[in-house]
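# Residue-level structure breakdown
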Amino acid sequence: MAPVVSVTIDGDETATTMLWGRQNISTLKGNDLFWATIMEDAGRKKNIKSKQCLFCGLTFTGGPFQIRAHLDTKAPLGGRTIRLCKPSPTWVSRYDAVVAEMKRRYNDQDNDKAEADRLAAAKAEGRVTAGVVPKMFQKIGMDDVTDAWMRVVVKKALPLDIFNDPMFRKAVALTAAAGRSIVVGGEDTFMPKRKHMTSKILPVLDNSLNEKIQMKMRGVSAMGVVLVSDGWTSVSNRPIINALAALPLGLFFLAALDTSGATKDARYIADFMIQHITTYGSADVVGVCMDGVCTSSFPLIEMDFPHIFTYICPTHSLDNYMKNVCSDKDPVRMKGIEGEFPWGEGLFSVAIDKVWEVVKFIIYHQKALARYRELAEMVPREERPRGGLELVRYCDTRFASKILMIDLLGSSSSPIRSRVVVLALCGMEHVMRGYACDSLGMLRPRSRV
């Protein structure tokens, strides 16, 4: 038998009772909490047969489940088969403490079970990777968040300016506002993975955005729409023709067609544009703009839509004009203008060739390029041209690239303009090879015997 001790029961300091039933609740682990509410003999033995409640004296059979049903008015029984406990005045405070602790424990267990069920369901759907799950409710600071995002940026090679994007910051804010409702296991979420995103969510978003764009386009279509088309080669070396709609609101992408294996003659190009004119609505289309290569398709388009004006892209024409001026060809031709024009002038082409020699020497030699960049860093930022001092290479597909190339070298803030970099490069004989500086400090190819 347990020793008899003096205790305070509901304010009565003279009452005496056995230690059994008065244990510290926090020390009662698991089902011991329930058995401590049964008379000592059966409680110590954990006898599921006939036993008597310590609080009300009710005799009943069963284990912890029945004891909980007897004590807790909200225990999950379905159909209750046992009378609720009505504790005697002596045991009221103890009864309340036990029931409160019991509810706290089962509430935590229910939450843990719900969390486990959510995690299991997420794993079954492939949304969560298996692994060690950290504890929930740990305090997460801004340093933890930025560290996690930086790891993503490094692993996926994302551009850092993503953090300046308003839509990205809104997405992060919405994620934080959702809180625990989307969290699974502490370090994962219910956010769909790639397959679900591409097959389910992306098409819905695409349709939604397309509807909004179509509404805006219909609102300004009465002002006239110009369809623009051009051809280009994709990164996988596929010939692509695209179509865009030019409106007062801006440019809107319509389509891109892979033309691999097709004969891209006048009829093919005309049919491509006629299809998109019809789809968009021929009544709203006032013009079609393409480069000079497609001029043979213009009569075919105007035959079907006499009200549509077809014309060569002015930007293409201007770029071709500058290429002719910068060359020494004789004669030259202009798109959209019949006949040839005498030229043969080397004033610009000679200068461009010299500049290209300097640029090639610097950009194709590591030490020379490093020296140039060191000197460029010495130029005050307020004196640098727009776009910086990085050398521009000649490129056929870049608009006016020859003019841009010589314009940078002719800038008053250019390190080459001051000839400092060229004179510095003259000391690098092991790099210079076939180059030398003249009396003016300009880079010249060495004469060959």
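Heads up: the structure comes first, above all this text.
The notes below deal with the structure included here. Computed from a prediction, not measured in an experiment: that's the story for all the values here. (Residues numbered from 1 in each chain as written. Predicted model: local features only at pLDDT ≥ 70, side-chain atom pairs only at ≥ 80, totals over all residues. Heavy atoms only, no water.)

On to the packing of aromatic side chains, then. Under the counting rule described, the total for this entry stands at five aromatic pairs. For the pair Phe55 and Trp91, a centre-to-centre distance of 5.7 Å together with 45° between the ring planes defines the contact as tilted. One end of the pair, Phe55, is in the loop between strand 3 (51–52) and strand 4 (59–60); the other, Trp91, is in the loop between helix 3 (64–71) and helix 4 (92–124), with 36 residues separating them in the sequence. The class of Phe55 is buried, set by a relative accessible area of 2%. (Phe/Tyr/Trp six-rings, centres within 6.5 Å; stacked < 30°, edge-to-face > 60°. Helix = DSSP H or I, 4+ residues; strand = E, 2+ residues; numbered from the N terminus. Buried < 20%, exposed > 50% of the residue type's maximum accessible area, 1.4 Å probe, protein only.)

This brings us to the nonpolar core. In terms of nonpolar packing, the biggest core is built from 25 residues, with Leu247, Ile277 and Met290 touching the most fellow members. Of all elements in the fold, only helix 7 (194–220), strand 7 (225–233), strand 8 (239–247), helix 8 (266–280), strand 10 (285–290) and helix 9 (298–304) reach the threshold of two or more residues within this core. If you tally residues by element for this core, the top one is helix 8, at seven residues. If we ignore the near neighbours within four places in the chain, the residues touching Ile277 are Leu227, Ser282, Val285, Val288, Ile301, Phe305 and Ile308. Membership of the second largest hydrophobic core comes to 24 residues, among which are Leu28, Phe34, Ile38 and Cys85. (Core = buried A, V, L, I, M, F, W, Y, C linked by side-chain atoms within 4.5 Å. Contact = heavy atoms within 4.5 Å.)

As a further point, take unusual backbone geometry. Put simply, Asp330 and Pro331 share a cis peptide bond, and its omega is 0°. Within the secondary structure layout, Pro331 lies in the loop between helix 10 (314–325) and strand 12 (332–334). Positive phi, normally seen in glycine, also occurs at Ala157, with a value near 55°. With respect to the secondary-structure elements, Ala157 resides in the loop between helix 5 (142–156) and helix 6 (166–178).

One pass over the full model with this rule turns up eight salt bridges. As a salt-bridge pair, Asp32 and Lys46 come within 3.0 Å of each other at their nearest N and O atoms. Taken together, the residues span a long stretch of sequence, with Asp32 in helix 1 (residues 32–35) and Lys46 in the loop between helix 2 (40–45) and strand 3 at a distance of 14 residues. Using a relative accessible area of 42% as the deciding quantity, one classes Lys46 as partly exposed. Arg44 is the partner of Glu40 in a salt bridge, and the nearest nitrogen-oxygen pair spans 2.7 Å. Linking Glu40 with Arg44, this pair stays in helix 2, spanning four residues, or about one helical turn. The class for Arg44 is exposed, based on a relative accessible area of 52%. (Salt bridge = Lys/Arg side-chain N within 4 Å of Asp/Glu carboxyl O.)

Before going further, it helps to spend a moment on the pairing of strand 7. As defined by bridge partners, strand 7 adjoins strand 10 across four bridges and the pair is classed as parallel. Each bridged residue has a counterpart across the sheet, and for Val228 the counterpart in strand 10 is Cys289. Sheet topology note: the strand 7/strand 8 ladder contains eight bridges and is antiparallel. Pairing of Leu227 across the sheet is with Ala245, part of strand 8. Linking strand 7 back to strand 8 in an antiparallel pair, the connection comprises five residues, with Asn237 at a positive phi of about 65°. (Pairing = 2+ DSSP bridges.)

Take it as geometry only, folks, not as evidence of what the structure does.
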